[in-house]
Amino acid sequence: MAIEISDNARAWIERNGGVLTVRLSSRHGCCGGGADIAVAEARTPSDLTHYRELDLDGLKLFIEPALIDQGLIVEVEGLLGLKHLFVDGSPIARRRD
């Protein structure tokens, strides 16, 4: 499986358009360090050239190839209308461009 999506996250994504993008996002520390973390968004990416498009039982997934089969899980958290998606799982190695 390319990525696991919890039942709660799947239901939330389906209520919000049925599209999921999972990508790397660079984060920088105060002392010059940096890391790429995986983030999940309920939208179609603006530039499709850097993503693989997959159908997961009716859910449209756009995922960066480096994140496929990395043991990642998409979850949803929050209260009432303030819910958001997040990616849990093993750490991601720095991106090789």
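Numbers given to residues run from 1 along each chain, matching the order in which its sequence is written. Only residues with pLDDT of 70 or above have their local features reported here, since the model is predicted, and side-chain atom pairs are shown and tallied only from 80 upward, although totals for entire chains, interfaces and linings are computed over all residues. Hydrogens and waters are ignored; side-chain quantities use all the structure's heavy atoms.

A. Representation of the sheet that holds strand E4 (residues 52-56) in the model. By definition, two strands form a pair when at least two bridges between them are found by DSSP. Each helix is a run of H or I in the DSSP string that is no shorter than four residues. Each strand is a run of E no shorter than two, and both are numbered from the N terminus. Judged by pairing direction, the sheet is mixed, and its four strands sit side by side in the order E3-E2-E5-E4 without closing on themselves. The strands lining the two open edges of the sheet, one partner per strand, are strand E3 (34-41) and E4. Going across the sheet, the axis of each strand differs from the next one's by a mean of 25°, ignoring polarity. One ladder, built from four bridges, connects strand E2 (residues 19-28) with strand E5 (residues 59-63); its direction is parallel. Axis definition: a line fitted to C-alpha atoms, limited for helices to the stretch in contact. Angles are taken between N-to-C directions and run from 0 to 180 degrees.

B. Molecular detail of the sheet that holds strand E1 (residues 4-5). One open sheet holds the three strands; their spatial order is E1-E6-E7, and the pairing between them is mixed. Every interior strand has two partners, whereas the edge strands, E1 and strand E7 (84-88), have only one. Inspection of the sheet shows E1 paired to strand E6 (residues 73-77) by two bridges, in the parallel sense. Looking at the pairing, Ile5 lines up with Val74 of E6. The contact criterion used throughout is that any non-hydrogen atoms of two residues lie within 4.5 Å. Against the sheet, helix H1 (residues 7-15) touches E1, E6 and E7, its axis set at about 70° to E6.

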